[in-house]
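Residue-level structure breakdown
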Amino acid sequence: MNQILASIPSPDISYFDLGPVRIHIYALCILTGIVLAILIANHRLTKRGGESGVAIDIALWAVPFGIIGGRIFHVLTHLGDYFYEGADFTAIFRIWEGGLAIYGALAFGTLGAWLGARFAGVRFWSFVDAVAPGVLLAQAIGRFGNYFNKELFGTPTTLPWGLEIPADNPAYPLGLPAGELFHPTFLYESLWSLAGVALLLTLDKKFELRWGKMFALYLAFYSVGRIWTESLRIDPSDIVLGLRTNIWSALVGIVAAVVIWQVQSRRHPGLETSVYVPGKEPKTAVETAIKVDSEA
């Protein structure tokens, strides 16, 4: 018991085999988070008059775009890991081994959501507001994939929740003796994201955050936490003007959140009456909008 309380052990496995199929736990964490985010978005949209399943239609665009964007951004910010003499070019595509940059996934996933929302006749801002808490939950779950991969840990620490990393791990810092403990940045970010889910849902219940305000709040909250956890990490990263690229991404995220909040507050001071683009509402959504207007 004393040993358990003194540190967090690393898992002994990162995958398991089901017959001829190898299942990577990192991939399971990512997929679980995606499924839950879609279910949460669908529930929140249907409560606001959307048809059941409409979030899934949009996610069919957003998810592939997000995965591709996350991988592209990761590779571009870790070129030395993929382009060197004798490198295996196929490693670029092995996302199950880890390496999905959240800000790249957000940028491309948002583009996919915009396209999906247009085809579904749903307001883009309605969808991203609905999915925002689910995205934070997905990120909280996805970080445990890094735990099973024994990657993206922080600087050495003597705190009782320090993370054990085997000295033969390729990511173990050169020059450090075996047995060092490290900040479990995966856990910090996961707990931060879970707190964000609770905060977003509470504020939405009280203030009915619409027209992109929920998404802006998500982006600002996550980015603040990411600056903190990123500053602890010691994995290789490109440095720009003294800062890791993901810290710059987080700063851009905060600025974008402020701009979205300010612009949308001016453009849409009132409540959202429908999640659908005018003229695209199914019959049930039209009836719901009429009822809302009559009660206002």
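Structure's up top.
Keep in mind that what you see is a predicted model, and the values were worked out from it rather than measured. (Residues numbered from 1 in each chain as written. Predicted model: local features only at pLDDT ≥ 70, side-chain atom pairs only at ≥ 80, totals over all residues. Heavy atoms only, no water.)

**Focus on the nonpolar core**
General note: in soluble globular proteins, nonpolar side chains tend to be found buried as a group. Rules: Buried Ala, Val, Leu, Ile, Met, Phe, Trp, Tyr and Cys residues form a nonpolar core when they are joined through side-chain atoms within 4.5 Å. Only protein chains enter the calculation, and the probe is 1.4 Å; a residue is then buried if its accessible area is under 20% of its type maximum, exposed if over 50%, and partly exposed in between. Elements are defined by DSSP. Helices are runs of H or I of four residues or more, strands are runs of E of two residues or more, and each kind is numbered from the N terminus. We call two residues in contact whenever any of their non-hydrogen atoms come within 4.5 Å of each other.
Core analysis: the biggest nonpolar cluster contains 36 residues, and Leu45, Phe127, Leu136, Leu200 and Tyr218 have the highest contact counts within it. Among the elements of the structure, helix H2 (25-47), helix H3 (54-76), helix H5 (102-120), helix H6 (124-149), helix H7 (185-207), helix H8 (213-232) and helix H9 (245-267) are those that each provide at least two residues to this core. Discounting residues that sit within four places of it in the chain, Leu45 has contacts with Gly50, Val54, Ala55, Ser126, Phe127, Ala130 and Val275. Ranked by size, the runner-up nonpolar core spans eight residues in total, among them Ile8, Tyr147, Phe153 and Leu163.

**Some words on the pattern of salt bridges**
Two side chains that carry opposite charge are able to pair once their charged atoms sit near each other. Rules: In what follows, salt bridge is the name for a side-chain nitrogen of Lys or Arg lying within 4 Å of a carboxyl oxygen of Asp or Glu.
This model, assessed by the stated rule, comprises ten salt bridges. The salt bridge involving Glu189 is made with Arg143; its shortest N-O contact spans 3.0 Å. In this pair, Glu189 sits in helix H7 while Arg143 sits in helix H6, placing the two residues 46 residues apart along the sequence. The class of Arg143 is buried, set by a relative accessible area of 10%. Residue Arg233 pairs with Glu230 through a salt bridge whose shortest N-O separation is 3.4 Å. The same class applies to Arg233 as to Glu230, namely buried. One connected set of salt bridges, linked through shared partners, spans Arg226, Glu230, Arg233, Asp235 and Arg244.

**Considerations on the environment of Tyr222**
Condition: For this analysis, a polar contact is any N or O atom pair within 3.5 Å, provided that within protein one partner can donate a hydrogen and the other can accept it, and provided that sequence-adjacent residues contribute only side-chain to side-chain pairs.
Note that Tyr222 resides in helix H8. Since its relative accessible area comes to 1%, Tyr222 is described here as buried. Once residues lying within four places of it in the same chain are set aside, the contact partners of Tyr222 are Ile102, Tyr103, Leu136, Gln139, Arg143, Glu189, Trp192 and Ser193. Of note is the side chain of Tyr222, whose polar atom sits 2.8 Å from the side chain of Arg226.

**Description of H5**
Along an α-helix, a turn takes 3.6 residues, which lines up residues three or four apart on a common side. The test is simple: Helices are assigned an expected span. That span is 1.5 Å times one less than the residue count.
The end-to-end C-alpha distance of H5 is 25 Å, a good match for the 27 Å that 19 residues give at a rise of 1.5 Å each. All of the buried residues along H5 are Ile102, Tyr103, Gly104, Leu106, Gly109, Gly112, Ala113, Gly116 and Ala117. On its buried face, H5 is in contact with H3, H6, H7, H8 and H9. Remark: Gly121 follows H5 within two positions and exhibits a positive phi of approximately 75°.

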